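Coordinate analysis (summary)
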Amino acid sequence: MKKVTVVIPNYNGMKFIEECLNAILNQDADTPDYQVLVVDNGSEDGSLELIHSQFPKVKTIALNSNTGFCHAVNVGIRAADTPYVLLLNNDTRADARFVRSLYDAIEDKPSAFSVSGKMLMWDNPERIDDAGDRYCVLGWAYARGKGKPAADYGKASEIFSACGGAAIYRKSILDQIGLFDEAHFAYLEDLDLGYRAKLYGYKNYYEPSAAVIHYGSGTSGSRYNSWKTSLAAANSIYVIAKNMPLLQILWNLPFLVLGFFLKFLFFCRKGMGMIYVKGLRDGFIKSFANSRHPRTGRGKLGNCFAIQWQLYLNTLRILKKY
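Calculation criteria
- Residues numbered from 1 in each chain as written.
- Predicted model: local features only at pLDDT ≥ 70, side-chain atom pairs only at ≥ 80, totals over all residues.
- Heavy atoms only, no water.
- Helix = DSSP H or I, 4+ residues; strand = E, 2+ residues; numbered from the N terminus.
- Rg over C-alpha atoms; globule rule 2.2 N^0.38 Å.
- Buried < 20%, exposed > 50% of the residue type's maximum accessible area, 1.4 Å probe, protein only.
- Contact = heavy atoms within 4.5 Å.
- Areas by Shrake-Rupley, 256 points an atom, 1.4 Å probe, with all protein chains shown as cover.
- Lys, Arg positive; Asp, Glu negative; His and termini not counted.
- Charge placed at Lys NZ, Arg CZ, Asp CG, Glu CD.
- Pairing = 2+ DSSP bridges.
- Phe/Tyr/Trp six-rings, centres within 6.5 Å; stacked < 30°, edge-to-face > 60°.
- Lys NZ or Arg CZ within 6 Å of the ring centre and 35° of its normal.

1. Focus: the overall build of the protein chain
What the protein chain contains, in helices and strands, is 10 helices and 12 strands. Against the globule reference of 20 Å for 322 residues, the protein chain gives a C-alpha radius of gyration of 19 Å, in line with a compact fold. Judged by the C-alpha coordinates and their principal axes, the protein chain covers about 55 × 40 × 40 Å. Across the 322 residues that make up the protein chain, the buried fraction comes to 56%. Counted over contacts in the protein chain with a minimum sequence separation of 6, partners at least 24 positions apart contribute 78%. Just so you have it, the protein chain exposes about 14,400 Å², and 58% of that area is on carbon and sulfur atoms. The average position of the 38 basic charges and that of the 30 acidic charges among the side chains of the protein chain differ by 9 Å.

Structure (structure tokens):
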């Protein structure tokens, strides 16, 4: 019986997909039995045809158009018939023990919902691209360890949420708490899912032995662009509206206002201040439009207090540049 389904969303990934699949299909011999599924988001660059011709063992699901990261991976998760689902970006190259390491890590932790791998920079693999995601009281989500020496992140640890670009998830918990929220389309959807799991009392971890090299912004094209800035800003509002009880929002409001103002100044320096503001506006609209989103799990007050403490702690880590 297969233990893991590796789900790879692909959209016009011709530049990366061959190297990505070669790496994930050539894992060490002691890797638990796994299968690879590519969900193609209406690619027009021939990458789907390349998969069919060069990787006949890889299962594919072809969507008619670009439905976004969330919908694509949800299609893959629903198609998976394994206890674990491993999500992997198409612009990555996985280490030969990647699947084994993530599988062992989540098997060893019954309370774990997800385990995030060590993502390294493509052009400088001695540096961290993402060592798990954090979320702070300023309303900022950020990649732990971004740009820092990989050697400094060699210890397994608990994190706020896993980065969906290289992480394993327990499918039974996904069945319980729900899949990725497709209203996100892309960006912060993995934070939202990890947050939701924490509200239910589950935990998310980082495993340093599960390494991938990550190109970064392989689909969106750059780290900062108008589309990404607007969508990420909208989703930053949406995450708060969905996951924080009203009293917690009011408690954190001074910090949140400060955080969004500092972000506005940051994007003004990049000439995208008004794009960011428009994104925030879209986030409020999205939050009201999806106000009936299920919020089961919120009633556990102790989980909310535990999350609030982490929001404070992660803010201090920003100040310490940790």
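2. Observations regarding the environment of Leu21
Relative to the assigned elements, Leu21 resides in helix α1 (residues 17-25). Taking C-alpha positions, Leu21 is 36 Å from Gln310, a pair spaced 289 residues apart along the chain. Each residue touching Leu21, except ones within four places of it in the same chain, is listed here: Ile8, Val36, Val38, Ile51, Phe55 and Val58.

3. Describing helix α6 (residues 189-199)
Judged by how many residues are buried, α6 sits mostly within the fold: 11 of 11 residues are covered. Gly201 occupies a position one or two residues after α6 and carries a positive phi of about 95 degrees.

4. Overview of the pairing of strand β2 (residues 34-41)
Burial runs high along β2: eight of the eight residues are buried. Burial along β2 is two-sided: Tyr34, Val36, Val38 and Asp40 facing one way and Gln35, Leu37, Val39 and Asn41 facing the other are all buried. Here strand β1 (residues 4-10) runs beside β2; their pairing, made up of seven bridges, is parallel. Residue pairing in the sheet places Thr5 in a bridge with Gln35 of β2.

5. Section: the packing of aromatic side chains
All told, the structure shown has 15 aromatic pairs when counted by the stated rule. Relative to Phe180, the ring of Tyr169 has its centre 6.0 Å away and its plane inclined at 80 degrees; by these criteria the two rings are edge-to-face. Residue Tyr169 is located in strand β11 (residues 166-170), and its partner Phe180 is located in the loop between α5 (171-177) and α6; the two are separated by 11 residues in the primary sequence. Accessibility assignment for this pair places Tyr169 and Phe180 in one class, buried. Stacked on the ring of Trp122, the Lys or Arg Arg93 has its end atom at 5.5 Å from the ring centre.

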